[in-house]
Amino acid sequence: FRRYNNKCEACRVMIDEGLLGVERQLHEVASAAGRNAGKLNVDSSKVVDELCDSNAYDQYPDDFRRACGIMLSTGDDKDELSLSFEGDFGRGQLMKRSPVVVNSICVEKLWCPGSPDLFGMDDCQLCRVVTYEYESRLSRFREPEVDMVEETLDGICNRVVERHGYHRGLANVCDDFVNDMDDQLLQEAMRGMGNIKERLNLLCADAGFCESGEL
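Rules used throughout
- Residues numbered from 1 in each chain as written.
- Predicted model: local features only at pLDDT ≥ 70, side-chain atom pairs only at ≥ 80, totals over all residues.
- Heavy atoms only, no water.
- Helix = DSSP H or I, 4+ residues; strand = E, 2+ residues; numbered from the N terminus.
- Buried < 20%, exposed > 50% of the residue type's maximum accessible area, 1.4 Å probe, protein only.
- Contact = heavy atoms within 4.5 Å.
- Areas by Shrake-Rupley, 256 points an atom, 1.4 Å probe, with all protein chains shown as cover.
- Patch = residues over 30% accessible without salt bridge, like charges linked within 9 Å, V, L, I, M, F, W, Y side chains within 5 Å.
- Salt bridge = Lys/Arg side-chain N within 4 Å of Asp/Glu carboxyl O.
- Lys, Arg positive; Asp, Glu negative; His and termini not counted.
- Charge placed at Lys NZ, Arg CZ, Asp CG, Glu CD.
- Core = buried A, V, L, I, M, F, W, Y, C linked by side-chain atoms within 4.5 Å.
- Phe/Tyr/Trp six-rings, centres within 6.5 Å; stacked < 30°, edge-to-face > 60°.
- Disulfide = S-S within 2.5 Å.
- Axes fitted to C-alpha atoms, helices over the stretch in contact; angles between N-to-C directions.
- Parallel < 35°, antiparallel > 145°, perpendicular 65-115°, else oblique.
- Left-handed = near helix turned anticlockwise from the far one by under 90°.

**Student:** I keep staring at the overall build of the protein and nothing clicks. Help me out?
**Tutor:** Along the protein, the regular secondary structure elements total nine helices and two strands. Sequence-ordered secondary structure for the protein, helices as α and strands as β, is α-β-α-α-α-β-α-α-α-α-α. Expressed as a percentage of the 215 residues in the protein, the buried residues total 45%. Long-range contacts, defined here as pairs at least 24 residues apart, represent 71% of the contacts in the protein between residues at least 6 apart. Element-wise, carbon and sulfur atoms account for 45% of the exposed surface of the protein, whose accessible area totals about 11,600 Å².

**Student:** I would appreciate a short explanation of a negative patch on the surface in the present structure.
**Tutor:** On the surface, Asp-122, Asp-123, Asp-175, Asp-176, Asp-180, Asp-182 and Asp-183 cluster together into a negatively charged patch. When residues in the negative patch are grouped by element, the largest group, five residues, is from helix α8 (residues 168-190). Among the residues examined, Asp-175 registers a relative accessible area of 39% and is labelled partly exposed.

**Student:** Looking at this structure, I do not really get the nonpolar core. What am I missing?
**Tutor:** Looking at soluble globular proteins, one finds that nonpolar side chains tend to be buried together. With 29 residues, the main nonpolar core has Tyr-134, Val-149, Phe-177 and Leu-185 as its most contacted residues. For this core, the secondary structure elements donating two or more residues are α6 (123-138), α7 (146-164), α8 and α9 (196-206). Other than its neighbours up to four places away in sequence, Tyr-134 contacts Val-149, Thr-152, Leu-153, Ile-156, Leu-185, Leu-186, Ala-189 and Leu-200. The next biggest cluster of nonpolar side chains, apart from the first, holds 28 residues, and it includes Val-47, Leu-51, Met-71 and Val-101.

**Student:** Would you mind showing me how to read the packing of aromatic side chains here?
**Tutor:** Aromatic rings in a pair are described by how distant their centres are and how their planes are angled relative to each other. The tally for this structure, following the rule as stated, stands at three aromatic pairs. Between Tyr-57 and Tyr-60 the ring centres are 5.7 Å apart and the planes differ by 65°, which places this aromatic pair in the edge-to-face class. According to the relative accessible area criterion, Tyr-60 is buried, its value standing at 5%. Between Phe-177 and Phe-209, the ring centres sit 6.2 Å apart and the planes meet at 70°, which makes this aromatic pair edge-to-face. Note that Phe-177 is positioned in helix α8 and Phe-209 in the segment after α9, a separation of 32 residues in sequence. The pair formed by Phe-177 and Phe-209 is uniform in burial state, with each residue classed as buried. Among the aromatic residues, those joined into a ring-pair cluster are Tyr-57, Tyr-60 and Phe-64.

**Student:** I would appreciate a short explanation of the state of the cysteines in the present structure.
**Tutor:** Here is the idea: a disulfide is a covalent bond, and it sits between the sulfur atoms of two cysteines. Counted under the stated rule, the structure contains six disulfides. The disulfide partner of Cys-52 is Cys-68, and the gap between their sulfur atoms is 2.0 Å. Looking down the S-S bond of the Cys-52 and Cys-68 bridge, the torsion is -75°, so its handedness is left-handed. Here the residue Cys-52 occupies a position in the loop between α2 (45-50) and α3 (62-71), and Cys-68 occupies one in helix α3, the gap between them amounting to 16 residues.

**Student:** What exactly am I supposed to notice about the packing of α7 against α8 here?
**Tutor:** Angle between the axes and distance between the axes are the two parameters that describe a pair of packed helices. Viewed as axis vectors pointing N to C, α7 and α8 meet at an angle of 150°, and their least axial separation amounts to 10 Å. One way to sum up the angle between α7 and α8 is to call them roughly antiparallel. Remark: the crossing between α7 and α8 carries right-handed chirality. For the pair α7 and α8, contact is made by Val-146, Val-149, Glu-150, Leu-153, Ile-156, Cys-157, Val-160 and His-164 and by Leu-170, Cys-174, Asp-175, Val-178, Asp-182, Leu-185, Leu-186, Ala-189 and Met-190, respectively.

**Student:** Is there a simple way to explain unusual backbone geometry in this structure?
**Tutor:** It is generally the case that most residues other than glycine have a negative phi and that most peptide bonds are trans. The phi angle at Leu-110 is positive, at roughly 65°, despite the residue not being glycine. By the element assignment, Leu-110 lies in the loop between α5 (98-107) and α6. In this model, Asn-195 sits at a positive phi of 55°, which is unusual for a non-glycine residue. As for its position among the elements, Asn-195 is in the loop between α8 and α9.

Pasting the structure below:
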C-alpha cells in the first residue's frame, strides 16, 4: 500500500464489490423467476473468482486491486469469502450483510481493527472515530472530486452507524461535526491524502470536541 496504506478499506471494498456482484446475480435470478419468487439461492463462487480482475475495480486506486489479489490468493480464501455470501435472500437484503462479513473476514484476518468500545469514550475520541471513517472513505478515490467528496460527506454519519452500530453520543458528535465543519472537511479532502489524518483530527479541535493537547 504505497499510496494510502489503508488495507482495511481495501478489504471493505472487496466485501462491498463482492456483495454488489452477488446482488446483480440475485436480480438476474429474480427476474427469471418472476415476481412471486420469494427467497432465492445464488451461487457466489463465480463472482468471487472474477472479483479482483473485474472492471468494478477501475474506479479505485491500483493498490486496492492488488490487495484483493493478496486477500484472495488461495482457493481457501476464495471459498471462505464465497461461503460468507451464500444463503437465501429476499430482495434488498444482501447488502445488509456487509458489516457482518467485514467482521468475519477483514477483522478475523487482521486486515481491519475491531470496532472500538464506544461506551466511555469522550467527545474527542468519538470525533476521531468519525474522522477515521471519513479518511477511509476518501482513500477509495483515485483523485478527489468535489461532487464525490460532497456525496461522501452527506453519507458519512450513516456509514459510521453501519460500521460501529448506533451509539447516541457518536451519532450526535458526527451530525454536529459534519454540519459545523462541512466546508473545512471538503477543503481538506481536496488537498489530497498527505497527512490527512492529522489535518482531520485538528478539525476536531477547531469544532470544540478536542483540546489541542489531546491530538
